[in-house]
Amino acid sequence: MGLFGTSASLLTDVGLFLVQLSAFLAFIGHRFIKKMRHPSWHHFTMISSYAMLWGFLTLYVSNYLLNDVSYFGGPSEIALLYYPFLLLHIIGAATMGLLTTYFIISGIKRTKYPETGWNKFNFEPTYQNRHKTLGKLVFWLWYATAVSGLIVYIMLYVIFEPKKTIILS
Ligand code: HEM
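Conventions adopted
Residues numbered from 1 in each chain as written. Predicted model: local features only at pLDDT ≥ 70, side-chain atom pairs only at ≥ 80, totals over all residues. Heavy atoms only, no water. Donors = N, O, S within 2.8 Å, 3.2 Å for Na, K, Ca; no water. Tetrahedral: all angles 85-135°; square planar, octahedral: opposite > 155°, others 65-115°. Helix = DSSP H or I, 4+ residues; strand = E, 2+ residues; numbered from the N terminus. Buried < 20%, exposed > 50% of the residue type's maximum accessible area, 1.4 Å probe, protein only. Contact = heavy atoms within 4.5 Å. Phe/Tyr/Trp six-rings, centres within 6.5 Å; stacked < 30°, edge-to-face > 60°.

Draft legend 1. Geometry of the coordination of the iron atom of the ligand. Bound to the iron atom of the ligand are the protein donor atoms His 42 (NE2) and His 131 (NE2), situated 2.0 Å from the metal. Classification of the site at the iron atom of the ligand rests on its 6 donor atoms, whose angles at the metal span 86 to 179°, yielding the label octahedral. Of this pair, His 42 sits in helix 2 (residues 39-66) while His 131 sits in helix 4 (residues 125-159), and the two are 89 residues apart along the sequence. Like His 131, His 42 is buried.

This is how it looks when you write it as structure tokens:
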């Protein structure tokens, strides 16, 4: 039994919590730079948010290795909606995982830290535009992944009861 009273495992529920927290931190990190123009807060929030994302991924893989896989248990008409939606969610999450990895590494590598006032650092000019324009896409993908993951969880564990094996008929 997990954290939210469904039949999901504890690992699944803690993972769900971490990935939602990660999207929330990404939102705060976005505000820090967009509204408050505070690079060092943006820097640390984005790194923490990325760490949560990896926490989620580690729990997801552990759950897959340690527990039985859960299959969608609702009627077949809804399964026709559920599986394409799940596929979109997985593609979005994988793209977002790769892009965030690139952003964290390139963001740190392309930053110029002055000798004094480290919290006033800025980017190499050639990288600045790429970070700003592609970064907006990464944020939106981040939120979309978190929301679609929550919808998958609700469909799999809350609205319907999952099956532990696929029965082909
Ligand atoms: C997944 C991680 C990240 C994403 C998605 C991201 C995204 C963004 C976006 C969209 C902006 C532009 C905000 C605006 O002006 O509207 C921005 C600005 C900035 N980011 Fe990030 N960022 C990430 C990680 C980092 C990291 C790790 C660092 C530092 C080492 C960093 C440093 C900065 C700085 C200095 C700016 C201000 C650029 C300027 O306007 O001169 N970012 N980021």
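Draft legend 2. Structural view of the environment of Tyr 82. Locating Tyr 82 in the fold gives a position in helix 3 (residues 76-109). Sequence separation between Tyr 82 and Ile 28 is 54 residues, and the spatial gap between their C-alpha atoms is 31 Å. Non-local contacts of Tyr 82, meaning those with residues more than four positions away in its chain, are made with Phe 72, Val 152, Met 155 and Leu 156.

Draft legend 3. Up close: the packing of aromatic side chains. For the coordinates displayed, the defined rule picks out 13 aromatic pairs. The interplanar angle of 90° and the centroid separation of 5.6 Å between the aromatic rings of Tyr 102 and Phe 103 together place this pair among those described as edge-to-face. Judged by its relative accessible area of 32%, Tyr 102 is partly exposed. Classification of Phe 103 by relative accessible area gives buried; the value is 11%. Here the aromatic rings of Trp 140 and Tyr 143 are separated by 5.3 Å at their centres, their planes lie at 85°, and the arrangement is edge-to-face. Linking Trp 140 with Tyr 143, this pair stays in helix 4, spanning 3 residues, or about one helical turn. Owing to a relative accessible area of 57%, Trp 140 belongs among the exposed residues under this scheme.

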